[in-house]
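# Observations on the model geometry
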Amino acid sequence: MRKILSVIFIFGMFLSFGLKAYADEANEALAFFNRYVEAANSYSPTITKMYSPDAKIIRQVIKPDGTLVDLNTDTSTYITQMKLGQATAKLRKYKNTYRKITVAKSGTGYKISSERQPTGETYWLKTYMIVKKQPDGSWLITEEMMQTKVQALLKYAK
């Protein structure tokens, strides 16, 4: 009986340490997301350093009839577009508000899902990003999907 209790106790200890490590990393991923939101809403140039060089970037355009069109781009193109758009966004005082933020383990990283509301709009759009902790302890976005109603983006659809 004593052996069984010892094994259960040791297993419980390993399990609790594992859950604590998971909770700590999930909290780190959420803190990274909050830094991302702050950088985006303050038009900080540091936001461009938050993406992996080979991140998967998806803009999901919601057409007026409700159908969805996925537009995929590479990180360097997206960052170039982001830099160009930041000046206009700053003039317009454009920001996003996020709600329903969840963090879940996804492969070797964490998927952070939420809804975002652009400045001046009444609707909410789905978004997610997958973030991965790097060997140096930093975090990078390895995949990002944001819905948009900006129809002008459809000219990039293939």
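Note that the coordinates shown come from a computational prediction; the quantities given were computed from them, not determined experimentally. (Residues numbered from 1 in each chain as written. Predicted model: local features only at pLDDT ≥ 70, side-chain atom pairs only at ≥ 80, totals over all residues. Heavy atoms only, no water.)

## Describing the layout of surface pockets
Picture a little ball the size of a water molecule; that probe, rolled over the atoms, points out where space is still empty. The space that makes up the largest pocket amounts to roughly 1,300 Å³. If you go around the largest pocket, you meet 41 residues; those closest to its centre are Arg59, Tyr78, Gln81, Tyr94 and Leu153. Listing elements by their share of the lining of the largest pocket, those giving two or more residues are helix H1 (2-41), strand S1 (51-62), strand S2 (68-73), helix H2 (75-92), strand S3 (96-106), strand S4 (109-118) and strand S6 (139-148). Here the lining of the largest pocket gets 10 residues from one element, more than from any other, and that element is H2. Grouping the amino acids of the lining of the largest pocket by side-chain chemistry returns 21 nonpolar, 11 polar and 9 charged. (1 Å grid on protein atoms, 1.4 Å probe; cavity = no way out; pocket = protein on both sides within 12 Å on 5 of 7 lines; lining within 4 Å. Points joined across faces, edges and corners; volume = space filled by probe spheres on them. Helix = DSSP H or I, 4+ residues; strand = E, 2+ residues; numbered from the N terminus. Nonpolar A, V, L, I, M, F, W, Y, C, P; charged D, E, K, R; others polar.)

## Describing the environment of alanine 152
Within the secondary structure layout, alanine 152 lies in the segment after S6. Along the sequence, alanine 152 and valine 61 sit 91 residues apart, while their C-alpha atoms lie 9.4 Å from each other.

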